[in-house]
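Next come the chains, spelled out residue by residue.
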Amino acid sequence: MNDHSSTKTVDDSAITMGQFMNPEHANSLGNVHGGVILKLCDECGGIVAARHARRPSVTVAIDSMTFHRPVRVGQFVTFEGHITYVGRTSMEVEVNVKAENLLTGEITHTNSAYFIYVALDETFEPTAIPKLLLQDDDERQRFEDGRLRQEERLVRRQRAKARANGETP
Ligand SMILES: CC(C)(COP(=O)(O)OP(=O)(O)OC[C@H]1O[C@@H](n2cnc3c(N)ncnc32)[C@H](O)[C@@H]1OP(=O)(O)O)[C@@H](O)C(=O)NCCC(=O)NCCS
């Protein structure tokens, strides 16, 4: 069963994905394009979401992508994704990016962001997903933080919709 009556743990869907950075990923200075990092984060988060829901899952929002440090050609980059919060049909996945200098072993934390996915049924409508079985205080705190972020995102969505319709939010 993969509906809202079933439960899954955070570890059931968490993944780490790796990518060696080649010149094709970078600009002429050897810095990897932000869009390349963003795409790989979304891929990582999308796999986590599909593993939790066992349904096709689409990205509905990306909550703040910050580039703390540059990623350079020749570095090995890992993308660690795990679920922090689930609603009825939506999932928030935290993705952390770390770049490793293979010659020195130095590891730099370069990015963190929350990706929100919605699971879809056969008619491409949002469909209910398993609840999250929280196993310790850290996971319970992350879930509560995710719930508050989701509330804020939905307020922002309402305001954006109102503005797009020419209304005063
Ligand atoms: C995802 C999609 C089907 C949702 O449709 P919708 O009409 O907004 O559906 P709903 O209002 O029923 O929302 C479904 C869920 O998404 C959440 N959601 C919708 N918009 C959101 C936003 N901007 N931020 C966070 N969550 C959002 C809702 O809170 C709800 O979650 P819940 O069931 O856990 O409470 C629709 O927005 C869509 O098709 N978007 C395009 C997706 C896409 O092409 N992505 C890029 C390629 S993968």
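Here goes a summary of the coordinates provided. Computed from a predicted model, the values in this text were never measured in an experiment.

1. So, the overall build of the protein
Per the secondary structure count, the protein includes 2 helices and 7 strands. Listing the helices and strands of the protein from first to last along the sequence gives β-β-α-β-β-β-β-β-α. Judged by the C-alpha coordinates and their principal axes, the protein covers about 50 × 45 × 35 Å. Counting every position in the protein, which comprises 169 residues, the buried fraction comes to 30%. For the protein, the share of sequence-separated contacts (at least 6 apart) that also reach a separation of at least 24 residues comes to 73%.

2. Some words on the nonpolar core
Counting 29 residues, the largest nonpolar core has Cys-41, Met-91 and Val-93 as the members making the most contacts within it. Secondary-structure elements contributing two or more residues to this core are helix 1 (34–53), strand 4 (75–86), strand 5 (90–101) and strand 6 (107–119). Element by element, the count of residues in this core is highest for helix 1, at 7 residues. Once residues within four sequence positions are removed from consideration, Cys-41 is found in contact with Phe-79, Val-95, Val-97, Asn-111, Ala-113 and Phe-115.

3. Side note on helix 1
Here helix 1 contains 20 residues, and its C-alpha end-to-end distance of 28 Å stays within 8% of the 28 Å for a straight helix at 1.5 Å per residue. For helix 1, every residue scored as buried is listed here: Ile-37, Leu-40, Cys-41, Asp-42, Cys-44, Gly-45, Val-48, Ala-49, His-52 and Ala-53. On its buried face, helix 1 is in contact with strand 1 (7–9), strand 2 (15–20), strand 3 (57–67), strand 4, strand 5 and strand 6. Looking one or two residues past helix 1, Arg-54 carries a phi angle of roughly 50 degrees, positive in sign.

Rules of the game
- Residues numbered from 1 in each chain as written.
- Predicted model: local features only at pLDDT ≥ 70, side-chain atom pairs only at ≥ 80, totals over all residues.
- Helix = DSSP H or I, 4+ residues; strand = E, 2+ residues; numbered from the N terminus.
- Buried ≥ 20, exposed ≤ 12 C-beta atoms within 10 Å, placed from the backbone.
- Contact = placed C-beta atoms within 7 Å.
- Core = buried A, V, L, I, M, F, W, Y, C linked by C-beta atoms within 7 Å.
- Expected span 1.5 Å × (residues − 1).

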